[in-house]
Amino acid sequence: AGCAATRPAVPADVVARFAPTGRLRASINLGNPVLARRDGAGAPASGVSVDLAAALGERLGVPVEMLVVDSAARSVEAVKAGRADIGFFAIDPLRGDGIRFSAPYLLIEGAYLVREASPLRDNAEVDRAGVRVMVGRGSAYDLHLSRALNERKPPEKHRGALLERLHHTCAPMRARVRIRGRCD
């Protein structure tokens, strides 16, 4: 006969810190499809954030309540305001006031998307006068680039379909993500 490995119970004080209401309230950010998405109107959220929240709830022995929001900024606000116990978003000093971050569970590399005809071929060419960059308002890329780019105005901030805006404007690029590694 085999033996089954059992995990020790999570101490009650740890459960109470993570889930003070008796359930784990997880803010799920749909603003980054690498983390979470919905496959159709009314469909439940799915993705790595949903899976991690479910796994943590199971480990703590409490039910999970998903608070699904459309942006990282709203996810951060939900945690800061006490409407959610945990959230999944990029570590950023501006977001860190009043919340704590775990070690990274996923690495996402930021990249620029440029038109094929663009003269820009290297990241170093972006930080100069006259270059326009579009980002999602309140995204990690917005927060980072608003601090990091020195030679021009801050990135243009938009909500919604940035690819469509890029196609219909003359902005030569937008900041976006590229997944680094695999999540299973």
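As a reminder, the structure under discussion sits directly above these lines.
Quick caveat: nothing in here was measured; it's all calculated off a predicted structure. (Residues numbered from 1 in each chain as written. Predicted model: local features only at pLDDT ≥ 70, side-chain atom pairs only at ≥ 80, totals over all residues. Heavy atoms only, no water.)

**Q** Which residues make up the pairing of strand β1 (residues 24-29), and what values do they have?
**A** The element β1 is extensively covered by neighbouring structure, given that six of its six residues are classed as buried. Side chains Leu24, Ala26 and Ile28 of β1 all project onto a buried face; the interleaved residues Arg25, Ser27 and Asn29 project onto the opposite face, where all are buried too. Relative to strand β4 (residues 64-69), β1 is paired through six bridges, and the arrangement is parallel. Looking across to β4, one finds that Ser27 is bridged to Leu67. Across two bridges, the pairing between β1 and strand β5 (residues 86-87) is parallel. In the sheet register, Ser27 faces β5, and the bridge partner there is Gly87. (Buried < 20%, exposed > 50% of the residue type's maximum accessible area, 1.4 Å probe, protein only. Helix = DSSP H or I, 4+ residues; strand = E, 2+ residues; numbered from the N terminus. Pairing = 2+ DSSP bridges.)

**Q** Break down the sheet that holds β1 for me, with residues and values.
**A** The parallel open sheet is built from three strands, whose spatial order is β4-β1-β5. For this open sheet the edge positions go to β4 and β5, each flanked by a neighbour on one side alone. Across the sheet, helix α2 (residues 48-60) is in contact with β1, β4 and β5; its angle to β1 comes to roughly 170°. Running at roughly 160° to β1, helix α3 (residues 72-80) makes contact with β1, β4 and β5 of the sheet. (Contact = heavy atoms within 4.5 Å. Axes fitted to C-alpha atoms, helices over the stretch in contact; angles between N-to-C directions.)

**Q** Pulling in residues and values, what's your account of the packing of aromatic side chains?
**A** Using the criterion set out here, one finds two aromatic pairs in the structure. A ring pair is formed by Phe88 and Tyr105, whose centres lie 5.7 Å apart and whose planes are at 90°; its orientation type is edge-to-face. Linking Phe88 in the loop between β5 and β6 (108-114) with Tyr105 in the loop between β5 and β6, this pair joins segments that are 17 residues apart in sequence. Taking the relative accessible area as the measure of exposure, Phe88 reaches 8% and is therefore buried. Here Phe89 and Phe101 contribute two aromatic rings whose centre-to-centre distance is 6.1 Å and whose plane-to-plane angle is 85°, an arrangement assigned as edge-to-face. Here Phe101 lies in the loop between β5 and β6 and Phe89 lies in the loop between β5 and β6, a separation of 12 residues in the sequence. (Phe/Tyr/Trp six-rings, centres within 6.5 Å; stacked < 30°, edge-to-face > 60°.)

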